[in-house]
Amino acid sequence: MAVSEPIAVAPVGAAERLEQTWRQPPGFWGWFKNTHHTAIGVRFMVTSFIFLILGGILAALMRFQLSRPENNLMGPDFYNQTFSMHGSTMIFLFAVPMMFQGFGVYVVPLMCGARNIAFPRLNAFSFYIYVGGGLLLWIGYLLNTGVDTGWFSYVTLSGPQFSPGKRVDFWAQMITFTEVSALGVAICIATTILRHRAPGMTLNRMPILLWEKLTISMAVIFAMPAVMVVSSMLLMDRTVGTHFFNPAEGGDVLLYQHLFWFFGHPEVYIIFLPGTAIVSTTVAVFARRHIFGYVPIVVSVVATGFLGFSVWVHHMFATGIPQISESFFTAASLMIVVPTAVQFYCWVTTIWRGKLQMKLPMLWIYGFFFVFLIGGLSGVMLASVPVDWQVHDTFFVVAHFHYVLIGGALFPMFAGLYFWIPKMMGRMMDDMLGKVHFWLFFVGFNLTFFTMHFLGLHGMPRRVYTYLPEMHWGTLNALSTSGVALMSLGVIVFIVNFFQSRASGELAGDNPWAAGSLDWATPSPPPSYNFLEPPTVNGREALWEALPNQPIVGGLRDDVREVLITHSLDAEPEYKEEDPGPSIWPFITSIVVGIVFVESIFTPWAIAWGAAPVGAALIAWMWPKGSRPLRRRVEEKWSV
Amino acid sequence: MERLRQRPVLDVSGLPTVVFGPANIIWLGNLFYMLIEGTMFALLIASYFYLRTRVDEWPPGVHPPYLWFGVINGILLIISFFPAWWVQRQAPTGDLSKVRLGLTVMVVFGVVCMVLRGYEFTALNVGWNSNAYGSIVWTLIGLHTAHLITEWVETVALLAVTFSPKMEGRKFADIGVNSDYWYFVVITAVLIDFVIYGTTRLL
Amino acid sequence: MIGVGPIAAALLIDPGAHSMFGGASTQASHIEWLYWLIFWICFVVYVLVIAAFTRAGARNYRGDPGMLPVLPKDEAGDRRAGWFVGTAVVVTILTLFFVLVETVITGKKVESATTSKNPVTINVIGHQWWWEVIYPNPQADQTVTTANEIHVPVGKPVVILTNSADVIHSFWPPNINGKRDLLPGYSSAFWFQVDKPGIYRGQCAEFCGLQHAHMGFSIIAESPEQFAQWQQNQVKPAGDPTDPEAQRGKQVFLTHACIMCHTVRGTDAGSRFGPDLTHLASRQMIAAETLPNTRGAVAGWIVDPQRIKPGTQMSPNPLAPDDLQAVITYLQTLQ
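Below: a short report on this structure. Bear in mind the structure is a predicted one, so any value in this text is a computation, not a measurement.

With 78 residues of chain A at the interface, the matching set in chain B holds 64 residues. In total, about 6200 Å² of surface goes out of reach between chain A and chain B, with carbon and sulfur atoms giving 65% of it. Counting every contact that joins chain A to chain B gives three salt bridges. Our count for the contact surface shared by chain A and chain B stands at 27 residue pairs in polar contact (both at pLDDT 80 or more). Broken down by element, the residue count for the side of chain A that touches chain B peaks at nine residues, all from helix α7 (residues 208-239) of chain A. A per-class count over the side of chain A that touches chain B returns 46 nonpolar, 17 polar and 15 charged. Looking at chain direction, strand β2 (residues 552-554) of chain A and strand β2 (residues 9-11) of chain B are connected through three bridges and run parallel. By the bridge assignment for β2(B), A:Gly554 is matched with B:Asp11.

Structure follows, in structure tokens:
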């Protein structure tokens, strides 16, 4: 497309008209009609943070119970519910909704230079359905119907014979809710990245975070169906008498494990890769230079996404499968280390050849380096089958995955929050409180989880509500529990910092970090239309490589919610879509779907009579509404 | 106060607002949806063959499913590919009466196929709660039936919209994408028919 | 092995008791060797990488309050640095390949360390929350059935054939070998050979419900002569007690809920639902390595097992004190 000669832009009143066109409705019901990605993104982040706290409280309860041998703080039933809820909450209700959905929904459209996310109503629906899943699981727990079979609920323990009642049913259906939510967001994010990028942002100029979110969206698309299939099979075994996992009638317990881990392993990369993207983003900003090794890092991110699907059997090394298969999966599990190693080497080179400014987000990134690497290396040990035969299902593995999940997701998450909260609320977080938070959390974390390596090596299995004094595990357990106080205090400091900064923090301005990506090319917080002047892009760091007279996009109407759709490879402008604007239908549909999902674990007939209201809600959602179709019909321009 | 600034402008005012085929983002959304559901079918088919390795006799202790309802239904679905394809070709022309005709034909095919699918269920020769084989067969056909029904309802809804005064160009694009989903329903039907009816007899 | 001593000392942990260190068996020794090999490789990698990050950060560290201007691109310098990164990647790949090769070799050693001539064959069947242990014999009356305590001869190959009566369990004696899951619907073979006599504890390592934490077992490795003696004793059915209190106890046993679940060969009690008690008194612990086999502990267990292992399958037995003492006396005759 041709670029015009310089002309006067920013016509009088453009900002006001855009604000009028794009504003989201106020008031109580207005909140439920909001379809702008910044609002939904914040909601994902706030809600998942609440679940982080709830999951953390459960962890504290577990640690208190285990701090002494034969402790009687709680009995086995409550402990079993607590650890199962802890894992399920952290994985399904915190990690994916925060790392993928929260950060993705908020940052991606801004980083693309777009006015909103693609399929905004699907995005809103995905948030409400996620909340529904969280409520289902937690109301269950509070009613003594919490899942008690672990976060992965192996059969036959979780089957109808050995877990009668509704506990596992609530868990399995929570998975349906959260999996639908993640899939919805994946479709929105992938479409945004492929078709809503600013002109000039070719694939070769796409920020690493967008490459990562695209990869993760595809991983979600291929992995979530597996957990949908297996949790539905489990529900059917439990409610309508199927025999998928009943060995007596031709069913198979390993089928469950294969299907679950085919999802489960990609799941942990769905949690971890967003962390690496935050690292790549912030390392470049705080080393004041382009990331070193853009192409190797992009290839590594995509490769990790692919390879994540080839390692799942390493969760099943102790099941007695043939050695030849075990060797293959050892090889694959070792191979997947390589792309992550490549990223590490590129990061250290970026810092080495840059000028490091250790601002608050960067402190957390260094925490990531120190902590995640331990987890990655203990992962190498676990990949080795004979060693795994000893340490599988022990506290060694618990230590490993907490090092990679907390190191690989939570530390980057805090880095990302300190980095982007200024954009979201327009004020900087307090530096000193941020440092206090870091050190409390870093020390507490290592105290709690490093000791667990030794417990595992010395024979302590997972998921035990107590242990005998003769096992000599008491000292290490007490030491491990002592870290809880420090970590909790650190998180409290963060929350205090957040509310204080929101009220009276230093004003952030558009770009407090002098960063290079388009999310920093607009005021903090962004207006409802994101960009007054939709940008075009000249390089991988849009703002750093912008020409003095970098063109802006003109010709998008400001009286109608017009958005530009560009070509997936070279981001050339292709056509114009109209954003559907605020709508109550995502919320109503989520209520109807939620009711059907919940009812169906009590009676399978719910699917039959629920189909009609769900269908009606969806048709109402998609039906052309108001005067817009009539206006569009007059103005529409068909491509030939 | 407005600042007047001099900036070159990439003028997109002349771009179309109604596009068809892969250029349209709805097409992409539908592609992702088909990938998701396709993965579910692939995993169920893999589970079918996995469960088969656990027993000596297949189907275990029962007759294979009755062949003809499934085969005829499969053939009808393949034939229904043509009205779906024809509608997809008509949509970019904006010819409302042709599009209505095509959608109506699709709807009729859908009704016949759903009725036949009902008969298929009665002739599987095994219950979902008899054994693992029965469970996986019912689930495979059940999932596909859910898609058949959903796609049929969507086609009916689109047909209804064509009679609404609010019909517009973007809905013609949606009708085009709907045919893609129809092809998905047809292809998965053929695959599942082969697995359920074919492999129990051929392999 | 290198490393165990100082770390163990630092942690005040006795490495011999219920741990994967100590090399009590061929298998555990091989695995321990591999563990330390990989551990030291990882240790070196960690130190090098962290040193690099620390140096990288420190060498150009700037404490400016604002943000510095962006550095200009230096593509030539980046290309040179690329050689270092490439070398690091190649070294990484070679190291991982080395780990893979050692892993496969060690895996083969562990699986086939023992000759398969005349192994002692033991069926272990997992139950919620105890271990059924059977030494099969083509002659039915030579079959040993016991629970939770496994005797093996030192220096001879042992093969465990696994199964589960209910949910997935995992058989794990860390001093002896890695773990093997007991899967309902599957049976798999699991070999080991103990080199040093002793009592080695194991515990269930796959979450199996309410009392997963209290599902222990022990492997008692003794000389082949002692093992043969033990086996011969275990084969015998229970004799009639001579002591009057024991006789009374036997009557109580046979007329109460005990026989609903337990077998004592040589009597009418033949249920396989719970552990076989024919030689209960020869065992060191009861309730799956949870309690010592003493009068007091057994009494508490019989009267209210739910207090000790809440959720266990055994219901409370509120016996009159005399009856209880008699039953315990009887049980103590079951050597």
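Looking now at the sheet that holds strand β8 (residues 189-192) of chain C. All names here are of chain C. Reading across from one edge, β3-β2-β1-β5-β8 is the order of the five strands in this open sheet, with mixed pairing throughout. What marks the edges here is a single partner per strand, and that holds for β3 (144-147) and β8. Taking the axes of each pair of neighbouring strands and ignoring which way they run, one obtains an average angle of 25° across the sheet. Where strand β1 (residues 120-127) and strand β2 (residues 130-135) come together, five bridges link them in antiparallel fashion. Residue pairing for β2: Ile125 is matched across the bridge by Glu132. Contacts from helix α4 (residues 224-235) reach β1, β2 and β3 within the one sheet, and its direction differs from that of β3 by about 95°.

Listed by partner, the interface residues are 92 residues for chain A and 90 residues for chain C. The junction of chain A with chain C conceals about 8000 Å² of combined surface from both sides, 70% of it contributed by carbon and sulfur atoms. Viewed at the interface, chain C and chain A are joined by four salt bridges. Residue C:Asp74 is joined to A:Arg353 by a salt bridge in which the shortest nitrogen-to-oxygen separation is 3.0 Å. Taken together, the connections running from chain A to chain C amount to 34 residue pairs in polar contact (both at pLDDT 80 or more). For the side of chain A that touches chain C, the elements supplying multiple residues, two or more each, are α4 (76-112), α8 (253-286), α10 (323-335), α11 (337-352), α12 (360-383), α13 (385-391) and α15 (431-457) of chain A. By residue number, the principal contributor to the side of chain A that touches chain C is α11(A), which donates 11 residues. Looking at the side of chain A that touches chain C residue by residue, the classes come out as 56 nonpolar, 23 polar and 13 charged.

This paragraph deals with unusual backbone geometry. In this chain, A:Ser524 is followed by A:Pro525 through a cis amide linkage whose omega measures -5°. If you trace the backbone, A:Pro525 turns up in the loop between α16 (474-504) and β2. Of the consecutive residues C:Gln128 and C:Trp129, the connecting peptide bond is found in the cis state with omega at 10°. Assignment of secondary structure puts C:Trp129 in the loop between β1 and β2. Unlike most non-glycine residues, A:Asn144 shows phi in positive territory, near 60°. Following the sequence through the fold, A:Asn144 ends up in the loop between α5 (120-142) and α6 (167-195). If you check the backbone angles, B:Asn125 has positive phi at about 65° while not being a glycine. Here B:Asn125 falls in the partly exposed class, since its relative accessible area comes to 40%.

What counts, and at which threshold
- Residues numbered from 1 in each chain as written.
- Chains lettered and ligands numbered in written order.
- Predicted model: local features only at pLDDT ≥ 70, side-chain atom pairs only at ≥ 80, totals over all residues.
- Heavy atoms only, no water.
- Contact = heavy atoms within 4.5 Å.
- Buried area = accessible area lost by both parts, 1.4 Å probe.
- Salt bridge = Lys/Arg side-chain N within 4 Å of Asp/Glu carboxyl O.
- Polar contact = N/O pair within 3.5 Å; in protein donor to acceptor, adjacent residues only side chain to side chain.
- Helix = DSSP H or I, 4+ residues; strand = E, 2+ residues; numbered from the N terminus.
- Nonpolar A, V, L, I, M, F, W, Y, C, P; charged D, E, K, R; others polar.
- Pairing = 2+ DSSP bridges.
- Axes fitted to C-alpha atoms, helices over the stretch in contact; angles between N-to-C directions.
- Buried < 20%, exposed > 50% of the residue type's maximum accessible area, 1.4 Å probe, protein only.

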